[in-house]
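Coordinate inspection notes
Single-letter residue listing:
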Amino acid sequence: MISVLIADDHVMMRQGLRVLLEKHPSMQVVGETADGAEAIQMAKELKPDVVVMDVNMPDVNGIEATKKISKAAPDAKIVGLSMSPNKRLVTEMLKAGASGYVLKEYAVSELVTAIETIMDGEIYLCAKTTSVVVDDFVTGSVKPSTDSTDLNERQKDILKRLAEGQSSKQIAFEMSLSVKTVDAIRRKISKKLGIDSLAQLVKYAVREGLSSLDK
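Residues numbered from 1 in each chain as written. Predicted model: local features only at pLDDT ≥ 70, side-chain atom pairs only at ≥ 80, totals over all residues. Heavy atoms only, no water.

Before going further, it helps to spend a moment on the overall build of the chain. Counting secondary structure elements, the chain contains ten helices and six strands. Counting only residues that meet the buried cut, the chain has 51% of its 215 residues in that class. Relative to all contacts within the chain whose residues are 6 or more apart in sequence, the contacts with residues 24 or more apart total 65%. Roughly 10,500 Å² of accessible area belongs to the chain as shown, and the carbon and sulfur atoms make up 51% of that amount. (Helix = DSSP H or I, 4+ residues; strand = E, 2+ residues; numbered from the N terminus. Buried < 20%, exposed > 50% of the residue type's maximum accessible area, 1.4 Å probe, protein only. Contact = heavy atoms within 4.5 Å. Areas by Shrake-Rupley, 256 points an atom, 1.4 Å probe, with all protein chains shown as cover.)

Here's what the structure looks like:
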C-alpha cells in the first residue's frame, strides 16, 4: 500500500485528490494539509511514501517545503502540483528534491501514474513540463562535469533508455540483463558524469544528443 500525504491550500482540490487516490486499491491517503510548514511536520511524523505538494502555497511554499522534507524525511517521494508549467517553478522543484511534476489540469488523468512511476524509482513529468526541463541543457545553463564520450556504448544505451522513460525492469528485459545489473550500470553512469538525480541524467542525455524525448 502506497501512503500519500496531500499538501494543497485549496480545500476542493485536496478533497478531489483524496477521492481520486483512495479509489485506487494500492493507495491510501494518510493525511492532508493546507500549509507548507505543517506538511513538513506531518511528513516527519507520518513518514508517507509520497507527498503530493502544491507548489504555490502561502507562508512556506511548496519549493521550500520540498527542500526541508527531502532532508527531514528522505525516503518520501515528492510530486509537485501546480497550475503553471513555469520554467522556474519546474526546475526549482526538481532541484529541491521532487521526483515528479504534474499540472493540476492533468491531475485526474495523470497523478496516479505519476505516483506509481516515482515509486518505481523513475521521474515523472507531464508533457507540458518536459520541454522546460530539457531547455536548461539545450541552452547550456547546466554543464555536466564530463561528456558522453566517457561512457561506453552499453552505458550510453541505458542512459538513452532512461531518458526516454523506460524503467530498470523494461531496460533489463529488452537488453537481456538483470535489474541489478541495470541499476549497477546506472550508478556507474551517475558516478562518471557527477550527476546524482534522474532528472539531471535526462537533461544531460538530451543535451548530448543521446535522446530527443520524442518517444
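Okay, back to it.
Okay, the nonpolar core next. Residues Met53 and Ile69 are the most contacted members of the largest nonpolar core, which totals 47 residues. Per element, the largest residue contribution to this core is six residues, and it comes from helix H10 (residues 198-207). When residues no more than four places from it in sequence are discounted, the contact partners of Ile69 are Ala39, Ile40, Ala43, Val51, Met53, Pro74, Ala76 and Ile78. (Core = buried A, V, L, I, M, F, W, Y, C linked by side-chain atoms within 4.5 Å.)

Here the focus is helix H8 (residues 168-175). Every buried residue of H8 is accounted for by Ser168, Ile171, Ala172 and Met175. The arc enclosing the buried residues of H8, seen along the axis, measures out at 100°, which places them on a common side. For H8, the exposed residues lying more than 90 degrees away from the buried face are Lys169 and Phe173. Looking at the residues trailing H8, positive phi occurs at Ser176, about 55°. (Arc of directions from axis to C-beta.)

The next subject is the side chain of Lys104. As for its placement among the helices and strands, Lys104 is situated in the loop between strand E5 (100-103) and helix H5 (107-119). Residue classification places Lys104 among the buried positions, given a relative accessible area of 12%. Those residues in contact with Lys104, other than ones at most four positions away along the chain, are Asp8, His10, Met13, Asp54, Leu81, Ser82 and Met83.

It is worth spelling out the packing of helix H1 (residues 11-22) against H5 at this point. Contact geometry for H1 and H5: axes closest at 10 Å, N-to-C directions at 60°. What the angle tells us is that H1 and H5 run oblique. The two elements H1 and H5 meet at a crossing, and its hand is right-handed. Between H1 and H5, the contacting residues are Met13, Leu17, Leu20 and Leu21 on the first element and Ala107, Val108, Leu111, Val112 and Ile115 on the second. By residue class, the composition of the contact of H1 with H5 is nine nonpolar, no polar and no charged. (Axes fitted to C-alpha atoms, helices over the stretch in contact; angles between N-to-C directions. Parallel < 35°, antiparallel > 145°, perpendicular 65-115°, else oblique. Left-handed = near helix turned anticlockwise from the far one by under 90°. Nonpolar A, V, L, I, M, F, W, Y, C, P; charged D, E, K, R; others polar.)

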